[in-house]
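Letter by letter, the chains look like this.
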Amino acid sequence: MRGVVMYTAGDVRVEERDDPTIIEPTDAVIRLTATCICGSDLWPFRGVEPADHSVMGHEYVGVVEEIGSEVTTMNPGDFVVGSFVISDNTCEICRAGFQSKCVHAEFVAQIGTQAEKARIPFADGTLVVTPGQPDEDLIPSLLAASDVLGTGWFAAEAAQAGAGKTVAVVGDGAVGLMAILAAKQLGAERIIAMSRHPERQKLALYYGATDIVEERGDEGVAKIKELTGGLGAHSVVEAVGTQESFMQAVGATRGGGHLGYVGVNYDVKIPGIELFTRRWMSAAPSRSC
């Protein structure tokens with residue numbers, strides 16, 4: 001089969017890979033219908049994270065071709081949406097809602113779903129069967145459910161977005177936009193999107209944002225406080241992963257507020273005194289990519 005391999009930073013190739021087969025009785029082999037590039041794929045592409053003949057891809061949907069003898073929730077021919085992390089969905093950690101920290105957790109990026117087919121371990125816990133075959137125009141939306149929707153939703157939950165809350169979202173990529181959608185669905189009263197991109201601002205407003213803040217850094221923090229009577233937001237989502245974005249998120253969180261951070265971060269250093277002086281802000285880490 002054909003699959004994407006990153007030889008090293010900036011060197012991405014489509015080449016022949018071995019067809020996947022059932023290895024464990026809990027496996028499924030799926031034929032990929034759609035797959036895409038995640039923002040986290042850009043770290044190795046830019047050389048921030050090492051890449052050495054790495055298979056690529058962890059956002060995917062497809063059709064089941066073969067199942068192991070212990071798989072019970074799907075059959076060949078079923079259309080499935082796959083998670084970006086392998087999980088059995090039955091262990092104690094999974095049942096607590098942290099499937100990406102499953103005792104059997106494995107990142108699908110190590111399997112590589114930017115390919116024609118993939119073997120998915122613990123298929124019952126990792127793959128979700130759709131009700132029937134989706135229309136072709138629905139598949140991109142289902143593909144978003146493979147990673148960015150769940151990540152954005154968890155970020156909003158971790159930040160304890162809800163009724164009567166003001167939520168600030170740092171980052172206007174796919175995950176940040178999905179966090180806005182989630183905050184709206186969770187009943188947030190006010191949602192502040194930090195964005196400088198007009199096309200993303202339009203999407204943010206469409207998904208439920210009530211305010212747009214273009215400023216960054218200290219100016220961005222000051223603007224959030226201006227909009228919240230000097231207090232900061234009850235709930236803040238950090239969906240970028242840089243030092244600057246993280247500290248901006250910390251600064252935008254009011255005392256006693258909650259910060260959900262889901263941006264894949266490198267070299268982010270969190271000064272403890274900053275968290276302490278936020279009056280015991282609660283920070284909830286990601287279960288995502």
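Only a predicted model underlies this, so the values are computations on that prediction, with no experimental measurement involved.

Here is what the cut-offs are and how they apply
- Residues numbered from 1 in each chain as written.
- Predicted model: local features only at pLDDT ≥ 70, side-chain atom pairs only at ≥ 80, totals over all residues.
- Heavy atoms only, no water.
- Helix = DSSP H or I, 4+ residues; strand = E, 2+ residues; numbered from the N terminus.
- Rg over C-alpha atoms; globule rule 2.2 N^0.38 Å.
- Buried < 20%, exposed > 50% of the residue type's maximum accessible area, 1.4 Å probe, protein only.
- Areas by Shrake-Rupley, 256 points an atom, 1.4 Å probe, with all protein chains shown as cover.
- Lys, Arg positive; Asp, Glu negative; His and termini not counted.
- Charge placed at Lys NZ, Arg CZ, Asp CG, Glu CD.
- Contact = heavy atoms within 4.5 Å.
- Patch = residues over 30% accessible without salt bridge, like charges linked within 9 Å, V, L, I, M, F, W, Y side chains within 5 Å.
- Salt bridge = Lys/Arg side-chain N within 4 Å of Asp/Glu carboxyl O.
- Pairing = 2+ DSSP bridges.
- Axes fitted to C-alpha atoms, helices over the stretch in contact; angles between N-to-C directions.
- Parallel < 35°, antiparallel > 145°, perpendicular 65-115°, else oblique.
- Left-handed = near helix turned anticlockwise from the far one by under 90°.
- Core = buried A, V, L, I, M, F, W, Y, C linked by side-chain atoms within 4.5 Å.
- Polar contact = N/O pair within 3.5 Å; in protein donor to acceptor, adjacent residues only side chain to side chain.

Caption draft 1: Spotlight on the overall build of the protein. Within the protein, the regular secondary structure consists of 10 helices and 16 strands. For the protein, whose C-alpha radius of gyration is 20 Å, the value lies close to the compact-globule estimate of 19 Å for 289 residues. Seen through its principal axes, the protein has C-alpha atoms that stretch 60 × 40 × 35 Å. Residue burial in the protein is summarised as follows: out of 289 residues, 47% are buried. Of the roughly 13800 Å² of accessible surface on the protein, 52% is carried by carbon and sulfur atoms. If you average the places of the 23 positive and of the 38 negative side-chain charges in the protein, the two averages end up 9 Å apart.

Caption draft 2: Seen up close, the environment of Ile 93. Structurally, Ile 93 can be placed in helix 2 (residues 92-95). For Ile 93 and Val 103, which are 10 residues apart along the polypeptide, the C-alpha to C-alpha distance reads 7.4 Å. Beyond its immediate sequence surroundings of up to four residues, Ile 93 is in contact with Phe 98, Lys 101, Cys 102 and Val 103.

Caption draft 3: Here's a closer look at a negative patch on the surface. Together, Glu 16, Asp 18, Asp 19 and Glu 116 make up a region of like negative charge exposed at the surface. Judged by its relative accessible area of 57%, Glu 16 is exposed.

Caption draft 4: Local environment of the sheet that holds strand 10 (residues 127-129). The 5 strands lie next to each other as 9-3-5-6-10, forming an open sheet whose pairing is antiparallel. Each having just a single partner strand, strand 9 (117-120) and strand 10 make up the two edges of the open sheet. Across the sheet, the mean angle separating the axes of adjacent strands is 40 degrees when strand polarity is ignored.

Caption draft 5: Representation of a nonpolar patch on the surface in the model. On the surface, Val 12, Ile 37, Leu 42 and Phe 45 cluster together to form a nonpolar patch covering roughly 350 Å² of accessible area. Within the fold, Leu 42 resides in helix 1 (residues 42-46).

Caption draft 6: Spotlight on the packing of helix 5 (residues 148-158) against helix 6 (residues 174-185). Where helix 5 contacts helix 6, the axes come no closer than 7 Å and their chain directions differ by 55 degrees. Between helix 5 and helix 6, the angle falls in the class oblique. Considering how the two elements wind past one another, helix 5 and helix 6 form a crossing that is right-handed. Taken together, the residues of helix 6 that come into contact with helix 5 (itself represented by Val 148, Leu 149, Thr 151, Gly 152, Trp 153 and Ala 156) are Ala 174, Val 175, Met 178, Ala 179, Leu 181, Ala 182, Ala 183 and Gln 185.

Caption draft 7: A look at the nonpolar core. Residues Val 167, Val 169, Ile 180, Ala 183, Ala 204, Val 237 and Val 262 are the most contacted members of the largest nonpolar core, which totals 24 residues. Elements with a contribution of two residues or more to this core: helix 5, strand 11 (166-170), helix 6 and strand 12 (190-194). Sorting elements by how many residues they give to this core places helix 6 first, with 7 residues. When near neighbours in sequence (up to four residues on either side) are disregarded, Ala 183 contacts Ala 156, Ala 161, Val 167, Ala 188 and Ile 191. Core analysis: the next-biggest nonpolar cluster, separate from the first, contains 15 residues, Leu 32, Tyr 60, Ile 86 and Leu 127 among them.

Caption draft 8: Fine view of the packing of helix 8 (residues 217-227) against helix 9 (residues 243-252). Packing of helix 8 against helix 9 leaves a shortest axis separation of 9 Å and a crossing angle of 25 degrees. The angle between the axes of helix 8 and helix 9 places the two elements in the roughly parallel class. Note that helix 8 runs across helix 9; the crossing there is right-handed. Contacts from Gly 217, Val 221, Ile 224 and Lys 225 in helix 8 reach Gln 248, Gly 251 and Ala 252 in helix 9.

Caption draft 9: Broad picture of the sheet that holds strand 4 (residues 54-55). Read from one edge to the other, the open sheet built from 3 strands follows the order 2-1-4, with strand pairing classed as antiparallel. The sheet terminates laterally at strand 2 (11-16) and strand 4, the two strands that pair on one side only. Pairing of strand 1 (residues 2-8) with strand 4, which is carried by 2 bridges, proceeds in the antiparallel orientation. Across the sheet, Val 5 pairs through a bridge with Val 55, a residue of strand 4.

Caption draft 10: Focus on the side chain of Asp 172. You can see Asp 172 is positioned in the loop between strand 11 and helix 6. Here Asp 172 falls in the buried class, since its relative accessible area comes to 9%. Side-chain polar atoms of Asp 172 contact the side chain of His 197, separated by 2.9 Å. Within the structure, the side chain of Asp 172 is placed 3.0 Å from the side chain of Arg 200, a separation counted as a polar contact. Non-local contacts of Asp 172, meaning those with residues more than four positions away in its chain, are made with Leu 177, Met 194, Ser 195, Arg 196, His 197 and Arg 200.

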